[in-house]
Amino acid sequence: MPWTSPAVMEGAPLLGLLVTLVTGGDPTVTSRGFSFVVPDFDENLPLMMALSGVFATLRVVAAIGLLRNRMSGYALSLVIGCVTLVLMVFMLPAGIADGVLSGAALMLLLRVRYGTDPIVRWTLVG
């Protein structure tokens, strides 16, 4: 299932944040030794970890919709995949893996939906 890899990858930081908060650790310590291209992301890493949980939750909801053969799950998967591809540029270097997995999931979703249908169906006259 192509949507599980990005959901797990985006859900892991949220789980790490929860474990850090439950054990009484300092979540800002995790930002040492890890950097993003945008300096504001480095300063707000615990908030970024929480936001990744939102993306993971949306991916799981979309996966459930796809498993139930609902167009809403398909549309949500497309939207989340496109948003992730846009945001991956700002989250380099970690965004590379997220972009590869989301891009692969997006290609599989489009392939399943449209298959080998031509863009324009030409009718031969004569």
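Note that the structure is predicted; figures quoted are calculated from it, not measured.

Draft legend 1. Focus on unusual backbone geometry. Located in the positive-phi region is Asn 69, a residue other than glycine, with phi close to 60°. The residue Asn 69 is located in the loop between helix H3 (45–67) and helix H4 (71–87) in this model.

Draft legend 2. Quick peek at the nonpolar core. Within the largest apolar cluster, five residues are counted, these being Leu 17, Phe 36, Leu 45, Met 48 and Met 49. Ranked by residues supplied to this core, first place goes to H3 with three residues. Residues contacting Met 48, with those up to four places away along its chain left out, are Phe 36, Phe 41 and Met 91.

Draft legend 3. Looking closely at the packing of aromatic side chains. Per the stated rule, a full pass over the model turns up zero aromatic pairs. A cation over an aromatic ring shows up here: Arg 113 above the ring of Tyr 114, its NZ or CZ 5.6 Å from the ring centre.

Draft legend 4. Molecular detail of the packing of H3 against H4. Orientation of H3 relative to H4, taken along the N-to-C sense of each, is 150°, at an axis distance of 7 Å. It follows from the interaxial angle that H3 and H4 lie roughly antiparallel. Classified by chirality, the crossing of H4 by H3 is left-handed. Contacts between H3 and H4 involve Phe 55, Leu 58, Arg 59, Val 61, Ala 62, Gly 65 and Leu 66 on the former and, on the latter, Gly 73, Tyr 74, Leu 76, Ser 77, Ile 80, Gly 81, Val 83, Thr 84 and Leu 87. Residues of the contact of H3 with H4, tallied by class, amount to 10 nonpolar, five polar and one charged.

Draft legend 5. The arrangement of the side chain of Thr 84 in detail. Note on placement: Thr 84 falls in helix H4. Every residue in contact with Thr 84, bar those within four places of it in the chain, is listed here: Glu 10, Phe 55, Arg 59, Asp 98 and Ser 102.

Draft legend 6. Structural view of helix H5 (residues 95–114). In this model, H5 (20 residues) spans 27 Å end to end at C-alpha, consistent with the 28 Å of a helix rising 1.5 Å per residue. Of the residues making up H5, those classed as buried are Gly 95, Asp 98, Gly 99, Ser 102, Gly 103, Ala 105, Leu 106 and Leu 109. Downstream of H5 by one or two residues, Gly 115 has phi in the positive range, about 55°.

Definitions and limits used
Residues numbered from 1 in each chain as written. Predicted model: local features only at pLDDT ≥ 70, side-chain atom pairs only at ≥ 80, totals over all residues. Heavy atoms only, no water. Helix = DSSP H or I, 4+ residues; strand = E, 2+ residues; numbered from the N terminus. Core = buried A, V, L, I, M, F, W, Y, C linked by side-chain atoms within 4.5 Å. Buried < 20%, exposed > 50% of the residue type's maximum accessible area, 1.4 Å probe, protein only. Contact = heavy atoms within 4.5 Å. Phe/Tyr/Trp six-rings, centres within 6.5 Å; stacked < 30°, edge-to-face > 60°. Lys NZ or Arg CZ within 6 Å of the ring centre and 35° of its normal. Axes fitted to C-alpha atoms, helices over the stretch in contact; angles between N-to-C directions. Parallel < 35°, antiparallel > 145°, perpendicular 65-115°, else oblique. Left-handed = near helix turned anticlockwise from the far one by under 90°. Nonpolar A, V, L, I, M, F, W, Y, C, P; charged D, E, K, R; others polar. Expected span 1.5 Å × (residues − 1).

This is a description of form; function is not addressed.
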